[in-house]
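# Descriptive structure summary
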Amino acid sequence: MDSIVMCGYSVHRQCDFPEEIGGNRHYLIRLQSHGECGARLNDGEQFTLCKGDLLTLAPGDKLKLRKDKLSDDPADVSGDYYLICRGEWVTDWYREIGERKLTRVPPNESLLELWRLLIRETRRVPEAGDEEYLESLLRTFCLSVKRLLNQGQKGESDFIVFRMRRFIEDHAVEKLRVADVAEHVSLSESRAIHLFKEITGRSIVDYLMEVRLNFAIEQMKYTGSTLEEIAENSGFGTYSYFHRVFRRLKGMSPGKFRQRYREDVDWQE
């Protein structure tokens, strides 16, 4: 019979686990839900587990976790959902998902709700028929994980590009390089460029220019800042560069655009 050995949610402000997590006889499913922590799998190199990293490990896999940064900030914690299970059906399920060890997955509240249900049910005082019920829940949970993983590379890529776009939006007015965006999602520069273009149909630089331009237009409409100040505040640096980009994308100069906007506002009033 397939069964749950252990299921829960853990939070650590500081941890150093030299022992192996999961053991040699069971499967481990672990989702990093908050913060970061260091990890070492099968005595390999240490890597960082970030929010959204899903580990699916088989019997014999050796996982060690480490978080050695102790902070007074209560938000500086490592949080994770975990499930340790066993059974012949689970073994077949693991083969079907391709025996993957680590996958970055997008936020999925349905999976977390199912995980929380498993935690509640495994902590409840057992009653007659609970074994069959928990086995059914376990299989439903594993199939939900499989469905999430089977969204394939595209689903994972969408999530990575979403992170790149958010990073660009948050840092557009700074001296931002393509290399900075790639580093943020742990990709090579060439891979980040290709992936962003594949998913959005635009280049990273084009998207950066669009974000900067939209910010500049808001200032041109609603502030009294000079065009030179707007160019600097929006991340373009110099007015000449701002003028060149604006004319190329909008078909007119920034000054002409501002003049037309003010004329339209005056006419409406």
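As the structure is a computational prediction, the values presented were derived from the model and not from experiment. (Residues numbered from 1 in each chain as written. Predicted model: local features only at pLDDT ≥ 70, side-chain atom pairs only at ≥ 80, totals over all residues. Heavy atoms only, no water.)

### Some points on the pattern of salt bridges
- Scanning the entire structure with this criterion turns up 15 salt bridges.
- For Lys101, the salt bridge is made with Asp61, and the minimal N-O distance between the two is 2.6 Å. Of this pair, Lys101 sits in the loop between helix 1 (88–96) and strand 9 (102–104) while Asp61 sits in the loop between strand 6 (53–57) and strand 7 (63–67), placing them 40 residues apart in sequence.
- The exposure class assigned to Asp61 is buried, which follows from its relative accessible area of 9%.
- Arg116 serves as the salt-bridge partner of Glu113, at 2.8 Å between the closest nitrogen and oxygen. Linking Glu113 with Arg116, this pair stays in helix 2 (residues 109–123), spanning 3 residues, or about one helical turn.
- Since its relative accessible area comes to 25%, Arg116 is described here as partly exposed.
- Among the ionic contacts, a cluster of salt bridges with common partners joins Glu121, Arg124, Glu127 and Asp130. (Salt bridge = Lys/Arg side-chain N within 4 Å of Asp/Glu carboxyl O. Helix = DSSP H or I, 4+ residues; strand = E, 2+ residues; numbered from the N terminus. Buried < 20%, exposed > 50% of the residue type's maximum accessible area, 1.4 Å probe, protein only.)

### Points about the environment of Leu83
- On the secondary structure map, Leu83 appears in strand 8 (residues 78–86).
- Of the residues examined, Leu83 reaches a relative accessible area of 0% and is grouped as buried.
- With 78 residues separating them along the chain, Leu83 and Val5 place their C-alpha atoms 7.8 Å apart.
- Those residues within four positions of Leu83 in sequence are excluded, and the remaining contacts are Ile4, Met6, Cys7, Tyr27, Leu28, Ile29, Trp115, Leu118, Leu138 and Phe141. (Contact = heavy atoms within 4.5 Å.)

### Description of the packing of helix 7 (residues 204–222) against helix 9 (residues 239–250)
- Packing of helix 7 against helix 9 brings their axes to within 11 Å, and their N-to-C directions diverge by 100°. Between helix 7 and helix 9, the interaxial angle falls into the category roughly perpendicular. Side by side, helix 7 and helix 9 meet where Met209, Leu213, Ala216, Ile217 and Met220 of the first sit next to Tyr241, Phe242, Val245, Phe246, Leu249 and Lys250 of the second. (Axes fitted to C-alpha atoms, helices over the stretch in contact; angles between N-to-C directions. Parallel < 35°, antiparallel > 145°, perpendicular 65-115°, else oblique.)

### Remarks on the environment of Leu63
- In this structure, Leu63 sits in strand 7.
- Leu63 sits 21 residues away from Asn42 along the chain, and the two C-alpha atoms are 6.3 Å apart.

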